[in-house]
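# Structural features, examined
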Amino acid sequence: MNDVLTLPGPDLSRSATALGEEDGAVDHVLVCKRIHQVTADMKTFVFEPAGPGLFRHDPGQYLAFTFDIGDRESNRCYTLSSPPSRPDLAAITVKRVPGGLVSNWLHDQLAPGDVVRARGPLGRFSTVRHPAPAYLFLSGGSGVTPLISMTRTLYDLAAPVDVVFVHSARTPEDIPFRHELEMFAATSPNIRVTHVCEDDGARERWNGYRGRLTLGMLREIAPDFRTREVFTCGPPGYMRAVRKLLLGAGLPEDRYHQESFEAPAPGPGSGAGAGAGRGTGFAVELTRSGTTIECDAGTPVLEAAARAGLTLPSSCGQGMCGTCLTTLEKGSVDMRDNGGIRPRDRARNKILLCCSTPLEDLVIDA
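Nothing here was measured: the structure is a model prediction, and the numbers come from that model.

The rules behind these values
Residues numbered from 1 in each chain as written. Predicted model: local features only at pLDDT ≥ 70, side-chain atom pairs only at ≥ 80, totals over all residues. Heavy atoms only, no water. Helix = DSSP H or I, 4+ residues; strand = E, 2+ residues; numbered from the N terminus. Buried < 20%, exposed > 50% of the residue type's maximum accessible area, 1.4 Å probe, protein only. pLDDT = per-residue confidence, 0-100. Contact = heavy atoms within 4.5 Å. Expected span 1.5 Å × (residues − 1). Arc of directions from axis to C-beta.

### So, unusual backbone geometry
Residue Pro121 is reached from Gly120 by a cis peptide bond, and omega for that bond is 5°. Mapped onto the elements of the fold, Pro121 is located in strand β6 (residues 115-122). Phi at Ala158 takes a positive value of approximately 50°, unusual for a residue other than glycine. Mapped onto the secondary structure, Ala158 falls in the loop between α2 (144-156) and β8 (162-169). Residue Asn349 is not a glycine yet carries a positive backbone phi of 65°. Take Asn349: it is sitting in the loop between α7 (343-347) and β17 (350-352). A residue is classified by how much of its surface remains accessible, and Asn349, at 48% relative accessible area, is partly exposed.

### Topic: the confidence of the model for the chain
Residue-level pLDDT values for the chain average 85, and 88% of them are 70 or greater. Counted against residues more than four places away or in other chains, residues 1-24, with its pLDDT under 50, gives 63 contacts.

### Notes on helix α5 (residues 236-248)
Its 13 residues place the ends of α5 18 Å apart at the C-alpha level, agreeing with the 18 Å of an ideal helix rising 1.5 Å per residue. Within the span of α5, buried status applies to Tyr238, Met239, Val242, Leu245 and Leu246. Axial view of α5: buried residues confined to an arc of 135°, hence all on one face. Across from the buried face of α5, at angles greater than 90 degrees, the exposed residues are Arg240, Lys244 and Gly248. Phi for Gly250, located one or two positions after α5, is positive at around 105°.

Here it is in C-alpha coordinates:
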(Lines give C-alpha, C1' and ligand atoms only; values in the text may rest on other atoms or scores of the structure.)
Protein backbone atom coordinates (compact mmCIF):
# COMPACT_ATOMS: atom_id res chain seq x y z
CA MET A 1 0.00 0.00 0.00
CA ASN A 2 1.28 3.49 -0.84
CA ASP A 3 2.47 5.66 2.01
CA VAL A 4 1.52 8.84 0.20
CA LEU A 5 -1.36 9.73 -2.08
CA THR A 6 0.28 10.80 -5.33
CA LEU A 7 -2.40 12.10 -7.63
CA PRO A 8 -2.70 15.21 -9.77
CA GLY A 9 -4.42 18.35 -8.51
CA PRO A 10 -8.04 18.38 -7.42
CA ASP A 11 -10.92 17.83 -9.83
CA LEU A 12 -13.75 19.22 -7.72
CA SER A 13 -16.38 18.23 -10.26
CA ARG A 14 -15.93 14.64 -9.13
CA SER A 15 -17.84 13.20 -6.23
CA ALA A 16 -16.40 11.82 -3.03
CA THR A 17 -17.19 8.35 -4.33
CA ALA A 18 -14.87 8.95 -7.24
CA LEU A 19 -12.26 10.29 -4.86
CA GLY A 20 -11.89 6.94 -3.23
CA GLU A 21 -13.88 6.74 0.00
CA GLU A 22 -15.77 3.62 -1.04
CA ASP A 23 -12.76 2.42 -3.03
CA GLY A 24 -10.60 2.37 0.12
CA ALA A 25 -8.83 5.17 1.93
CA VAL A 26 -5.10 5.68 1.56
CA ASP A 27 -2.38 5.50 4.22
CA HIS A 28 -0.26 8.64 4.57
CA VAL A 29 3.03 9.44 6.27
CA LEU A 30 2.95 13.16 7.04
CA VAL A 31 5.62 15.60 8.19
CA CYS A 32 4.60 18.61 10.25
CA LYS A 33 5.67 21.67 8.27
CA ARG A 34 4.52 24.54 10.49
CA ILE A 35 2.08 25.45 13.26
CA HIS A 36 -0.17 28.53 13.46
CA GLN A 37 -1.88 29.92 16.54
CA VAL A 38 -5.51 30.54 15.51
CA THR A 39 -7.05 31.52 18.85
CA ALA A 40 -5.85 31.18 22.44
CA ASP A 41 -6.90 27.51 22.53
CA MET A 42 -6.84 26.57 18.85
CA LYS A 43 -3.90 25.80 16.54
CA THR A 44 -3.54 24.84 12.89
CA PHE A 45 -1.04 22.07 12.10
CA VAL A 46 0.21 22.06 8.53
CA PHE A 47 1.57 18.83 7.04
CA GLU A 48 3.30 17.81 3.85
CA PRO A 49 3.70 14.27 2.50
CA ALA A 50 6.90 12.48 3.45
CA GLY A 51 7.52 11.88 -0.26
CA PRO A 52 6.56 13.68 -3.46
CA GLY A 53 2.83 13.98 -3.93
CA LEU A 54 -0.31 16.08 -3.69
CA PHE A 55 -3.37 15.74 -1.48
CA ARG A 56 -6.68 14.99 -3.10
CA HIS A 57 -9.87 15.23 -1.09
CA ASP A 58 -13.28 16.83 -0.96
CA PRO A 59 -13.77 20.00 1.10
CA GLY A 60 -15.19 18.85 4.43
CA GLN A 61 -13.54 15.43 4.53
CA TYR A 62 -11.29 14.26 7.36
CA LEU A 63 -8.26 12.10 8.10
CA ALA A 64 -8.03 9.37 10.74
CA PHE A 65 -4.73 10.02 12.52
CA THR A 66 -2.56 7.65 14.55
CA PHE A 67 -0.32 9.37 17.08
CA ASP A 68 2.39 7.68 19.15
CA ILE A 69 1.90 9.19 22.60
CA GLY A 70 3.96 7.67 25.37
CA ASP A 71 4.02 3.91 24.96
CA ARG A 72 0.75 3.53 23.08
CA GLU A 73 -1.02 4.56 19.91
CA SER A 74 -3.90 7.03 20.03
CA ASN A 75 -6.35 7.42 17.15
CA ARG A 76 -8.35 10.55 16.40
CA CYS A 77 -10.22 11.99 13.43
CA TYR A 78 -9.57 15.57 12.38
CA THR A 79 -11.20 17.44 9.54
CA LEU A 80 -8.93 18.99 6.96
CA SER A 81 -9.24 22.75 7.32
CA SER A 82 -7.14 23.21 4.18
CA PRO A 83 -8.98 23.20 0.84
CA PRO A 84 -8.34 20.76 -2.01
CA SER A 85 -7.67 23.79 -4.19
CA ARG A 86 -4.33 24.07 -2.34
CA PRO A 87 -3.14 20.46 -2.70
CA ASP A 88 0.53 20.77 -1.75
CA LEU A 89 -0.15 20.81 1.99
CA ALA A 90 -2.80 19.41 4.32
CA ALA A 91 -3.84 21.18 7.50
CA ILE A 92 -5.96 20.39 10.53
CA THR A 93 -7.15 22.90 13.12
CA VAL A 94 -7.42 21.51 16.65
CA LYS A 95 -8.94 23.05 19.76
CA ARG A 96 -7.31 22.23 23.07
CA VAL A 97 -9.69 20.15 25.18
CA PRO A 98 -9.18 20.32 28.96
CA GLY A 99 -7.88 16.90 29.96
CA GLY A 100 -7.82 15.75 26.35
CA LEU A 101 -4.89 13.40 25.71
CA VAL A 102 -4.40 14.03 22.00
CA SER A 103 -5.33 17.70 21.72
CA ASN A 104 -3.00 18.64 24.58
CA TRP A 105 -0.20 16.52 23.12
CA LEU A 106 -0.61 18.23 19.76
CA HIS A 107 -0.60 21.70 21.31
CA ASP A 108 2.31 21.04 23.68
CA GLN A 109 4.51 18.43 22.00
CA LEU A 110 4.10 18.26 18.21
CA ALA A 111 6.74 20.34 16.44
CA PRO A 112 7.79 21.05 12.85
CA GLY A 113 9.69 18.07 11.49
CA ASP A 114 7.72 15.50 13.50
CA VAL A 115 6.16 12.61 11.58
CA VAL A 116 2.62 11.29 12.03
CA ARG A 117 0.47 8.70 10.28
CA ALA A 118 -3.01 9.18 8.88
CA ARG A 119 -5.61 7.42 6.77
CA GLY A 120 -8.09 8.99 4.41
CA PRO A 121 -9.68 11.01 3.07
CA LEU A 122 -12.91 9.94 4.73
CA GLY A 123 -16.39 11.37 5.14
CA ARG A 124 -19.38 12.44 3.08
CA PHE A 125 -19.98 15.85 4.66
CA SER A 126 -19.11 17.97 1.64
CA THR A 127 -20.53 20.50 -0.77
CA VAL A 128 -19.29 18.24 -3.56
CA ARG A 129 -22.02 15.75 -2.66
CA HIS A 130 -24.67 18.47 -2.54
CA PRO A 131 -24.04 21.05 -5.28
CA ALA A 132 -26.30 24.07 -4.94
CA PRO A 133 -26.51 27.71 -6.05
CA ALA A 134 -26.66 28.92 -2.44
CA TYR A 135 -25.30 27.63 0.88
CA LEU A 136 -25.72 28.46 4.54
CA PHE A 137 -22.75 27.40 6.69
CA LEU A 138 -23.42 27.30 10.44
CA SER A 139 -20.61 26.45 12.84
CA GLY A 140 -19.80 26.60 16.52
CA GLY A 141 -16.42 26.20 18.22
CA SER A 142 -14.04 23.83 16.44
CA GLY A 143 -16.88 22.83 14.12
CA VAL A 144 -15.61 25.62 11.90
CA THR A 145 -12.97 23.34 10.32
CA PRO A 146 -14.98 21.59 7.56
CA LEU A 147 -16.80 24.81 6.75
CA ILE A 148 -13.62 26.88 6.41
CA SER A 149 -12.33 24.21 4.01
CA MET A 150 -15.51 24.51 1.94
CA THR A 151 -15.41 28.32 2.00
CA ARG A 152 -11.73 28.46 1.07
CA THR A 153 -12.42 26.13 -1.84
CA LEU A 154 -15.33 28.17 -3.19
CA TYR A 155 -13.31 31.38 -2.79
CA ASP A 156 -10.19 29.99 -4.47
CA LEU A 157 -12.20 28.75 -7.45
CA ALA A 158 -14.31 31.92 -7.67
CA ALA A 159 -17.33 29.62 -7.69
CA PRO A 160 -20.53 31.39 -8.79
CA VAL A 161 -22.49 30.31 -5.72
CA ASP A 162 -23.85 32.38 -2.85
CA VAL A 163 -22.43 31.60 0.62
CA VAL A 164 -23.62 32.86 4.00
CA PHE A 165 -21.18 31.87 6.75
CA VAL A 166 -22.34 32.19 10.37
CA HIS A 167 -20.05 31.23 13.24
CA SER A 168 -20.96 31.18 16.93
CA ALA A 169 -18.20 31.86 19.47
CA ARG A 170 -17.85 32.67 23.15
CA THR A 171 -16.11 36.03 22.64
CA PRO A 172 -14.56 38.00 19.74
CA GLU A 173 -11.14 36.58 20.68
CA ASP A 174 -12.51 33.06 20.16
CA ILE A 175 -13.53 33.61 16.52
CA PRO A 176 -11.26 31.42 14.34
CA PHE A 177 -10.03 32.64 10.96
CA ARG A 178 -11.72 35.98 11.61
CA HIS A 179 -9.49 38.17 9.44
CA GLU A 180 -9.40 35.64 6.61
CA LEU A 181 -13.19 35.38 6.57
CA GLU A 182 -13.48 39.16 6.58
CA MET A 183 -11.11 39.27 3.62
CA PHE A 184 -13.26 36.74 1.77
CA ALA A 185 -16.36 38.84 2.38
CA ALA A 186 -14.58 42.06 1.36
CA THR A 187 -13.18 40.70 -1.90
CA SER A 188 -15.89 38.29 -3.06
CA PRO A 189 -19.42 39.39 -4.00
CA ASN A 190 -20.66 35.87 -3.28
CA ILE A 191 -19.56 35.44 0.35
CA ARG A 192 -21.17 37.03 3.41
CA VAL A 193 -19.84 36.43 6.91
CA THR A 194 -21.56 36.97 10.27
CA HIS A 195 -20.38 36.10 13.77
CA VAL A 196 -22.46 35.59 16.89
CA CYS A 197 -20.74 36.03 20.27
CA GLU A 198 -22.06 35.18 23.70
CA ASP A 199 -20.07 37.89 25.48
CA ASP A 200 -17.51 40.68 25.14
CA GLY A 201 -13.85 39.81 24.91
CA ALA A 202 -11.11 40.90 27.29
CA ARG A 203 -9.89 43.46 24.74
CA GLU A 204 -12.94 44.04 22.55
CA ARG A 205 -16.54 44.95 23.20
CA TRP A 206 -18.76 42.98 20.84
CA ASN A 207 -21.19 45.06 18.78
CA GLY A 208 -22.59 42.27 16.62
CA TYR A 209 -25.18 39.59 17.25
CA ARG A 210 -25.13 38.42 20.86
CA GLY A 211 -26.08 35.26 22.69
CA ARG A 212 -27.15 32.00 21.04
CA LEU A 213 -28.20 31.73 17.41
CA THR A 214 -31.94 32.35 17.09
CA LEU A 215 -34.54 32.19 14.36
CA GLY A 216 -34.82 35.95 14.46
CA MET A 217 -31.11 36.30 13.78
CA LEU A 218 -31.27 33.85 10.90
CA ARG A 219 -34.19 35.69 9.31
CA GLU A 220 -32.10 38.88 9.36
CA ILE A 221 -28.85 37.28 8.22
CA ALA A 222 -30.27 34.93 5.55
CA PRO A 223 -33.99 35.55 4.95
CA ASP A 224 -33.96 32.87 2.24
CA PHE A 225 -32.40 30.16 4.46
CA ARG A 226 -35.20 27.69 3.63
CA THR A 227 -34.03 27.58 0.01
CA ARG A 228 -30.33 27.15 0.82
CA GLU A 229 -28.32 23.97 1.27
CA VAL A 230 -27.34 24.04 4.95
CA PHE A 231 -24.15 22.57 6.44
CA THR A 232 -23.75 22.56 10.23
CA CYS A 233 -20.89 21.46 12.47
CA GLY A 234 -20.20 22.10 16.14
CA PRO A 235 -20.71 20.73 19.64
CA PRO A 236 -23.59 18.24 19.99
CA GLY A 237 -25.80 20.69 21.90
CA TYR A 238 -25.25 23.37 19.26
CA MET A 239 -26.17 21.01 16.43
CA ARG A 240 -29.27 19.72 18.20
CA ALA A 241 -30.47 23.29 18.73
CA VAL A 242 -29.69 24.36 15.15
CA ARG A 243 -31.39 21.32 13.64
CA LYS A 244 -34.51 21.85 15.73
CA LEU A 245 -34.56 25.55 14.87
CA LEU A 246 -34.16 25.06 11.13
CA LEU A 247 -36.48 22.13 10.61
CA GLY A 248 -39.07 23.73 12.87
CA ALA A 249 -38.91 26.85 10.70
CA GLY A 250 -39.63 24.90 7.55
CA LEU A 251 -36.24 23.96 6.13
CA PRO A 252 -36.68 20.72 4.14
CA GLU A 253 -34.82 17.94 5.93
CA ASP A 254 -32.99 16.88 2.77
CA ARG A 255 -31.33 20.32 2.68
CA TYR A 256 -29.87 19.90 6.17
CA HIS A 257 -26.44 18.25 6.61
CA GLN A 258 -24.37 17.96 9.78
CA GLU A 259 -21.06 16.46 10.84
CA SER A 260 -20.27 14.99 14.23
CA PHE A 261 -17.43 12.93 15.69
CA GLU A 262 -19.20 12.24 18.97
CA ALA A 263 -19.69 8.85 20.58
CA PRO A 264 -23.31 7.73 21.08
CA ALA A 265 -24.84 9.31 24.15
CA PRO A 266 -25.88 7.14 27.07
CA GLY A 267 -29.49 6.06 26.69
CA PRO A 268 -32.30 6.67 29.16
CA GLY A 269 -31.90 4.77 32.39
CA SER A 270 -28.25 3.96 31.76
CA GLY A 271 -25.45 4.68 34.18
CA ALA A 272 -22.10 3.56 35.44
CA GLY A 273 -23.72 0.68 37.25
CA ALA A 274 -25.33 -0.79 34.15
CA GLY A 275 -23.72 -4.01 33.03
CA ALA A 276 -23.99 -7.75 32.72
CA GLY A 277 -26.54 -9.53 34.83
CA ARG A 278 -29.63 -7.76 33.42
CA GLY A 279 -31.67 -8.78 30.39
CA THR A 280 -30.66 -11.41 27.86
CA GLY A 281 -27.65 -9.82 26.16
CA PHE A 282 -24.11 -11.11 25.88
CA ALA A 283 -21.45 -10.29 28.46
CA VAL A 284 -18.65 -8.08 27.15
CA GLU A 285 -15.55 -7.86 29.33
CA LEU A 286 -13.45 -4.74 28.79
CA THR A 287 -10.05 -5.73 30.14
CA ARG A 288 -8.39 -2.28 30.35
CA SER A 289 -11.24 -0.69 32.27
CA GLY A 290 -11.90 -3.80 34.34
CA THR A 291 -15.59 -3.60 33.51
CA THR A 292 -18.10 -6.08 32.17
CA ILE A 293 -21.16 -4.76 30.38
CA GLU A 294 -24.15 -6.32 28.70
CA CYS A 295 -24.66 -5.98 24.95
CA ASP A 296 -27.64 -7.22 22.97
CA ALA A 297 -27.08 -9.21 19.79
CA GLY A 298 -28.08 -6.33 17.52
CA THR A 299 -26.33 -3.54 19.42
CA PRO A 300 -22.81 -2.29 18.53
CA VAL A 301 -20.39 -2.70 21.41
CA LEU A 302 -19.56 1.02 21.37
CA GLU A 303 -23.22 1.92 21.87
CA ALA A 304 -23.60 -0.59 24.70
CA ALA A 305 -20.53 0.85 26.41
CA ALA A 306 -21.91 4.40 26.11
CA ARG A 307 -25.22 3.30 27.61
CA ALA A 308 -23.27 1.83 30.51
CA GLY A 309 -21.63 5.20 31.11
CA LEU A 310 -18.26 4.32 29.56
CA THR A 311 -16.45 6.58 27.11
CA LEU A 312 -14.28 4.70 24.61
CA PRO A 313 -12.21 6.24 21.79
CA SER A 314 -14.45 6.84 18.77
CA SER A 315 -15.09 9.36 16.04
CA CYS A 316 -17.23 8.68 12.98
CA GLY A 317 -19.45 5.95 14.45
CA GLN A 318 -19.93 4.50 10.98
CA GLY A 319 -17.06 2.04 10.57
CA MET A 320 -15.04 4.39 8.37
CA CYS A 321 -12.33 6.10 10.38
CA GLY A 322 -10.72 3.34 12.48
CA THR A 323 -10.62 5.38 15.70
CA CYS A 324 -12.42 2.68 17.72
CA LEU A 325 -10.14 -0.11 16.48
CA THR A 326 -9.29 -2.57 19.27
CA THR A 327 -8.37 -6.21 19.81
CA LEU A 328 -10.97 -8.94 20.23
CA GLU A 329 -9.34 -11.31 22.72
CA LYS A 330 -12.16 -13.84 22.93
CA GLY A 331 -15.48 -14.47 21.20
CA SER A 332 -16.85 -13.50 17.81
CA VAL A 333 -18.71 -10.55 16.35
CA ASP A 334 -20.65 -9.51 13.28
CA MET A 335 -18.68 -6.52 11.95
CA ARG A 336 -20.17 -4.46 9.16
CA ASP A 337 -17.63 -1.75 8.48
CA ASN A 338 -17.36 0.87 5.75
CA GLY A 339 -13.67 0.47 4.99
CA GLY A 340 -12.28 1.63 8.32
CA ILE A 341 -10.23 -1.50 8.98
CA ARG A 342 -7.30 -2.93 7.03
CA PRO A 343 -7.04 -6.61 6.05
CA ARG A 344 -3.90 -6.99 8.15
CA ASP A 345 -5.77 -5.69 11.20
CA ARG A 346 -8.57 -8.17 10.65
CA ALA A 347 -5.96 -10.91 10.58
CA ARG A 348 -4.74 -9.72 14.01
CA ASN A 349 -8.23 -10.08 15.54
CA LYS A 350 -8.87 -6.34 15.46
CA ILE A 351 -12.46 -5.05 15.37
CA LEU A 352 -14.22 -1.71 15.13
CA LEU A 353 -16.39 -1.23 18.19
CA CYS A 354 -18.84 1.10 16.46
CA CYS A 355 -20.00 -1.48 13.93
CA SER A 356 -19.40 -4.81 15.72
CA THR A 357 -22.31 -6.63 17.32
CA PRO A 358 -21.68 -9.70 19.53
CA LEU A 359 -22.44 -13.26 18.47
CA GLU A 360 -21.41 -14.62 21.88
CA ASP A 361 -19.76 -13.43 25.10
CA LEU A 362 -16.71 -11.24 24.37
CA VAL A 363 -13.42 -10.25 25.92
CA ILE A 364 -12.07 -7.01 24.44
CA ASP A 365 -8.86 -5.06 25.01
CA ALA A 366 -10.58 -1.78 25.83
